[in-house]
Each structure stands twice: as structure tokens, then as C-alpha cells.
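Next come the chains, spelled out residue by residue.
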Amino acid sequence: MAAALGEMVAAVAKLPGYDFTAARLFLTESVLRDAASYEAVVLAYRRPKPERAPFVEEALHQATLVPLEIAERSAEVGTRLEALAREAPSKVSSDVDTARVLAEAAVKGALANVRLNLASIKDKAFRQSVEKRAAAIESK
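Fair warning: this is a prediction, and the values are worked out from it, not measured in the lab.

**Q** Hey, could you run me through the environment of Gly 6 in this one?
**A** Relative to the assigned elements, Gly 6 resides in helix H1 (residues 2-12). When its relative accessible area of 0% is taken as the criterion, Gly 6 is described as buried. Each C-alpha atom of the pair Gly 6 and Tyr 18 lies 7.7 Å from the other, and the pair is 12 residues apart in sequence. Excluding anything up to four places from it in sequence, Gly 6 contacts Phe 20, Leu 81, Leu 84 and Ala 99.

Given below as C-alpha cells:
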């Protein structure tokens, strides 16, 4: 929704250089990717206990990467919305403000999912890589 609002504001204000289409499409498709990664975790846990560990680990990797990518893209959208806010006319300021809050909520929610999944992942190198990427998002 943040990217869609950004797209709308840029069109209404006739501001070139603010194309949010790719981000909107990526984030819309990510809803399906996130649901599929969750389903893979559920299926991995349904396996017989003696054989499930590697399947759960792999499923958790994917269930962590999807929200991490969502957080990264949403943070980019937020940054672009900040720039848009400086140029957009006041008549669309509430739309830009709403979009910025939505982008921030998407980042926070996605990173909460990342942290939750990381707590169950045993692969130290993977955890460190994800933690580094998450920290880079939070430092912006």
C-alpha cells in the first residue's frame, strides 16, 4: 500500500522520477511468497520427528529471507517517500504521510518475523548474514 500511495501521489502531483511500480509489484507478489514459505515450515514440521530437522531448517531459511527482502524493499520505499514528501504539494501530504507510516510498519513487522525465525535457525553463518542485513535496514 505504501508503494501504491507513492505511485498515486507522484502521478497526481505530476512528479517525474518517482516510479514505485516495481516496488509495488514486488511487495504484492511477496504476500504470496510469504504465505508459501510459511506453508513450507508447517509441512516440514509435519514430517516424522526423526527426519524433520533439515527440512525445518531449510524452510525456516526461506521463511526468514522473504520477510527480510520485504523489509529491505519497504525501507527503500520509505526512503523514496521521504524524498517525495519534500516535493509533493500540500494537497497530497496526508497520502504521503500515510504511505510513510505504512512503509515503516512493513519494515518493523517484517523484521519482527525475521527475528522470530532466526531464533529457531541453527546455521550460524546464515544467522549472521541475516542479522547484518537487518542491522543495515535499522541503521537507516
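**Q** I keep staring at the side chain of Glu 57 and nothing clicks. Help me out?
**A** Mapping Glu 57 onto the fold places it in helix H3 (residues 49-87). Despite its burial, Glu 57 remains without a salt bridge, the nearest opposite charge being carried by Lys 122 at 5.5 Å.

**Q** Sorry, what's going on with the nonpolar core here?
**A** Nonpolar side chains tend toward joint burial in soluble globular proteins. Counting residues in hydrophobic clusters, the biggest one holds 42 residues, and the most contacted among them are Leu 68, Val 77, Leu 81 and Leu 84. Looking at this core, the elements that each hand over two or more residues are H1, helix H2 (21-45), H3, helix H4 (93-118) and helix H5 (124-138). Among the elements that take part in this core, H3 stands out by supplying 14 residues, more than any other. Aside from chain neighbours lying at most four places away, what touches Leu 81 is Ala 2, Gly 6, Phe 20, Val 96, Ala 99, Arg 100 and Ala 103.

**Q** Looking at this structure, how should I read H5?
**A** For the α-helix, the turn length of 3.6 residues means that residues three or four positions removed from each other point alike. With 15 residues, H5 should reach 21 Å at 1.5 Å per residue; the first-to-last C-alpha distance of 21 Å fits that figure. Of the residues making up H5, those classed as buried are Phe 126, Val 130, Ala 134 and Ile 137. Along H5, the residues classed as buried sweep out an arc of 60° about the axis, all on the same side. For H5, the exposed residues lying more than 90 degrees away from the buried face are Lys 124, Ala 125 and Lys 132.

**Q** Is there a simple way to explain the side chain of Ser 37 in this structure?
**A** For Ser 37, the position within the fold is in helix H2. When its relative accessible area of 7% is taken as the criterion, Ser 37 is described as buried. Among the polar contacts made by the side chain of Ser 37, one reaches the main-chain carbonyl oxygen of Asp 34 at a distance of 2.9 Å. Setting aside residues up to four positions removed in sequence, Ser 37 forms contacts with Ala 59, Gln 62, Ala 63 and Val 66.

**Q** I would appreciate a short explanation of the environment of Arg 47 in the present structure.
**A** For Arg 47, the position within the fold is in the loop between H2 and H3. Arg 47 sits 39 residues away from Arg 86 along the chain, and the two C-alpha atoms are 53 Å apart. Sequence-distant contacts of Arg 47, that is, excluding residues within four places in its chain, are made with Arg 52 and Phe 55.

Calculation criteria
Residues numbered from 1 in each chain as written. Predicted model: local features only at pLDDT ≥ 70, side-chain atom pairs only at ≥ 80, totals over all residues. Heavy atoms only, no water. Helix = DSSP H or I, 4+ residues; strand = E, 2+ residues; numbered from the N terminus. Buried < 20%, exposed > 50% of the residue type's maximum accessible area, 1.4 Å probe, protein only. Contact = heavy atoms within 4.5 Å. Lys, Arg positive; Asp, Glu negative; His and termini not counted. Salt bridge = Lys/Arg side-chain N within 4 Å of Asp/Glu carboxyl O. Core = buried A, V, L, I, M, F, W, Y, C linked by side-chain atoms within 4.5 Å. Expected span 1.5 Å × (residues − 1). Arc of directions from axis to C-beta. Polar contact = N/O pair within 3.5 Å; in protein donor to acceptor, adjacent residues only side chain to side chain.

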